[in-house]
Amino acid sequence: MQPNRPNEVGYAGVGLTFGRAPLVLDPAGLAGADAAILGAPFDEGVSYRPGTRFGPRAIRTAEDVAFPVARPHMELGVDPYAELDIVDYGDIEVYSSDLVRSHGLLRQGVAEILAAGAIPIVLGGDHSLSTPVLQALAEHHGAGGYSVVHFDTHADTGSEEGEAPHGVPFHRAVIDGHLDGANIVQLGLRGAWPWPEDFQWMREAGFRWHTMAEIVERGIGPVVREAIEHARSRAPRTYLTVDIDVLDPAFAPGTGTAEPGGLMTRELLWAVRTVASSLDLCAMDIVEVSPPYDPAGITAMAGHRVVLETLSGIALRKTGREPRPERP
């Protein structure tokens, strides 16, 4: 296996591109693209189990069905590969044990995709990757020029000095002036973290969130539609970020900080395609897929399908059509 960039480490490199999309390794190749896949294979930012550096390759290869590049969506009546120009921009050149440098390279890669007028689709990697993504978005659109829809078990708003980098990106973005706290809405929160004082800070900063208990009581549909309306009311474009641990470990065991009681895969897939077809996405990522803890590969399959459903929603929105589901 040859690396796709000069300094890539052995576990990185695309191997097989996402959906067999064309591979481009130079910013000039992004011209005309609607969406660009970019891998961020690092896990130096985790607080518990490492392994997400293997996520991008696992997500790309999770659907190697040897069919032509065509994926007509049964529910939407649209094929994202027919409607969108999708390219794979490879992986960033990560530097093991140098997370700051890797973050800088990811920020540069996302900025190159944004400059080309395409939507960056980042494959993680741990959730600290949202820090450089948010920085690049703020540089391109302004801190208040985009909203965030965030699916996760954890709010990732830790404020303690010793908190792991994947637990702080949204707190840091607000403090550093890269995100308006009133522009983010989070779905699927559960468990025992963040601490009460972190939630108090979130209230003061304007965050909105919906816990799993609320989703169980109200249903996934009303909660997601409310989140969409809030995101739309705050900014003309939206960054969709999905931590795979929003799924129950029964559906996604391959992640570093699994928490029982989460969404089912079918709920998350419906949710992301609804978000993507309803809002003008300016960036998207799927994070915390950690293949070493899932020998069956179902977590990577879920991650792959989250991206495919998002692309399908983007494609439907681009066509301006209503969904045309297959019916007998």
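What you are looking at is a predicted structure, and each value in this text was computed from that prediction instead of being measured. (Residues numbered from 1 in each chain as written. Predicted model: local features only at pLDDT ≥ 70, side-chain atom pairs only at ≥ 80, totals over all residues. Heavy atoms only, no water.)

J.: An account of the overall build of the protein is needed here, citing residue identities and associated values.
T.: Counting its secondary structure elements, the protein contains ten helices and eight strands. Computed over its C-alpha atoms, the radius of gyration of the protein comes to 18 Å, within 12% of the 20 Å expected for a compact globule of 328 residues. With respect to the principal axes defined by its C-alpha atoms, the protein has extents near 50 × 50 × 40 Å. Burial analysis of the protein (328 residues in total) assigns 58% to the buried set. Of all intrachain contacts in the protein linking residues separated by at least 6 positions in sequence, the fraction that spans at least 24 positions is 79%. Carbon and sulfur atoms form 53% of the exposed surface of the protein, whose accessible area is close to 12,700 Å². Taking the 26 positively charged and 44 negatively charged side chains of the protein as two groups, their mean positions are separated by 6 Å. (Helix = DSSP H or I, 4+ residues; strand = E, 2+ residues; numbered from the N terminus. Rg over C-alpha atoms; globule rule 2.2 N^0.38 Å. Buried < 20%, exposed > 50% of the residue type's maximum accessible area, 1.4 Å probe, protein only. Contact = heavy atoms within 4.5 Å. Areas by Shrake-Rupley, 256 points an atom, 1.4 Å probe, with all protein chains shown as cover. Lys, Arg positive; Asp, Glu negative; His and termini not counted. Charge placed at Lys NZ, Arg CZ, Asp CG, Glu CD.)

J.: Describe in detail the sheet that holds strand 6 (residues 208-211), supporting the description with residues and values.
T.: A sheet is described by the order of its strands in space; here eight strands give the open sequence 2-1-3-8-7-4-5-6, paired in parallel fashion. The two strands at the open ends of the sheet, each matched to only one other strand, are strand 2 (86-91) and strand 6. Pairs of neighbouring strands in the sheet enclose a mean axial angle of 15°, with direction left out of account. Relative to strand 6, strand 5 (residues 184-189) runs parallel, the two sharing four bridges. Bridge pairing in strand 6 places Gln-186 opposite Trp-209. (Pairing = 2+ DSSP bridges. Axes fitted to C-alpha atoms, helices over the stretch in contact; angles between N-to-C directions.)

J.: Account for the side chain of Ser-147, naming residues and giving values.
T.: For Ser-147, the location among the structural elements is in strand 4 (residues 147-151). Residue Ser-147 is classed as buried on the basis of its relative accessible area, which comes to 0%. One polar contact links the side chain of Ser-147 to the main-chain carbonyl oxygen of Ala-231, over a distance of 3.2 Å. Those residues in contact with Ser-147 that lie beyond four places of it in its chain are Asn-183, Ala-231, Arg-234, Ala-235, Arg-237, Thr-238 and Tyr-239. (Polar contact = N/O pair within 3.5 Å; in protein donor to acceptor, adjacent residues only side chain to side chain.)

J.: Outline the environment of His-210, supporting the account with residue identities and numerical values.
T.: Structurally, the position occupied by His-210 is in strand 6. Residues His-210 and Ala-283, spaced 73 residues apart in sequence, show a C-alpha to C-alpha distance of 22 Å. Ignoring anything within four residues of it in the chain, the contact list for His-210 reads Val-185, Gln-186, Leu-187, Gly-188, Leu-189, Ile-215, Arg-218, Val-223 and Glu-226.

J.: How would you summarise the pairing of strand 4 if you had to cite specific residues and measurements?
T.: Of all five residues in strand 4, five are buried, a share of seventy percent or more. Neither face of strand 4 is left uncovered, since the one carrying Ser-147, Val-149 and Phe-151 and the one carrying Val-148 and His-150 both have all their residues buried. Direction of pairing for strand 4 relative to strand 5: parallel, over a ladder of four bridges. When the bridges of strand 5 are listed, Phe-151 appears paired with Leu-187.

J.: Got a sec to walk through the nonpolar core? Specific residues and values, please.
T.: One finds Phe-151 and Ile-286 to be the most contacted residues of the largest nonpolar core, which totals 53 residues. Ranked by the residues each element gives to this core, the list is headed by helix 10 (residues 298-319), at nine residues. Not counting the four nearest positions on each side in its chain, Phe-151 is found in contact with Leu-187, Leu-240, Thr-241, Val-242, Asp-243, Val-246, Leu-263, Leu-268, Ala-271, Val-272 and Val-275. Ala-40, Val-87, Ala-118 and Leu-179 belong to the second-largest nonpolar core, a separate cluster that totals 42 residues. (Core = buried A, V, L, I, M, F, W, Y, C linked by side-chain atoms within 4.5 Å.)

J.: With reference to specific residues and values, describe the pattern of salt bridges.
T.: Using the criterion set out here, one finds 14 salt bridges in the structure. A salt bridge links Asp-176 to Arg-172, with the nearest nitrogen and oxygen atoms 3.3 Å apart. Asp-176 gets classed as partly exposed once you look at its relative accessible area, which sits at 40%. Its relative accessible area of 37% is what places Arg-172 among the partly exposed residues. One network of salt bridges, with partners in common, ties together Asp-43, Glu-44 and Arg-53. (Salt bridge = Lys/Arg side-chain N within 4 Å of Asp/Glu carboxyl O.)

J.: I'd like a rundown of the packing of helix 3 (residues 99-115) against helix 4 (residues 130-141), residues and numbers included.
T.: Two elements in contact, helix 3 and helix 4, have axes whose closest approach is 8 Å; the angle formed by their N-to-C orientations is 40°. Between helix 3 and helix 4, the interaxial angle falls into the category oblique. Crossing of helix 3 over helix 4 shows right-handed handedness. Listed contacts from helix 4 to His-103, Leu-106, Arg-107, Val-110, Ala-111, Leu-114 and Ala-115 of helix 3 are Thr-131, Pro-132, Val-133, Gln-135, Ala-136, Leu-137, Glu-139, His-140 and His-141. The class makeup of the residues in the contact of helix 3 with helix 4 is nine nonpolar, five polar and two charged. (Parallel < 35°, antiparallel > 145°, perpendicular 65-115°, else oblique. Left-handed = near helix turned anticlockwise from the far one by under 90°. Nonpolar A, V, L, I, M, F, W, Y, C, P; charged D, E, K, R; others polar.)

J.: Any details on the packing of helix 9 (residues 265-278) against helix 10? Residues and values, ideally.
T.: Two elements in contact, helix 9 and helix 10, have axes separated by 7 Å at closest approach and are oriented at 30°. Relative to helix 10, the element helix 9 is oriented roughly parallel. As helix 9 packs across helix 10, the resulting crossing turns out to be right-handed. Within the contact between the two elements, helix 9 uses Thr-265, Leu-268, Leu-269, Val-272, Arg-273, Ala-276, Ser-277 and Ser-278 and helix 10 uses Ala-302, Arg-305, Val-306, Glu-309, Thr-310, Gly-313, Ile-314, Leu-316 and Arg-317. Grouping the amino acids of the contact of helix 9 with helix 10 by side-chain chemistry returns eight nonpolar, five polar and four charged.

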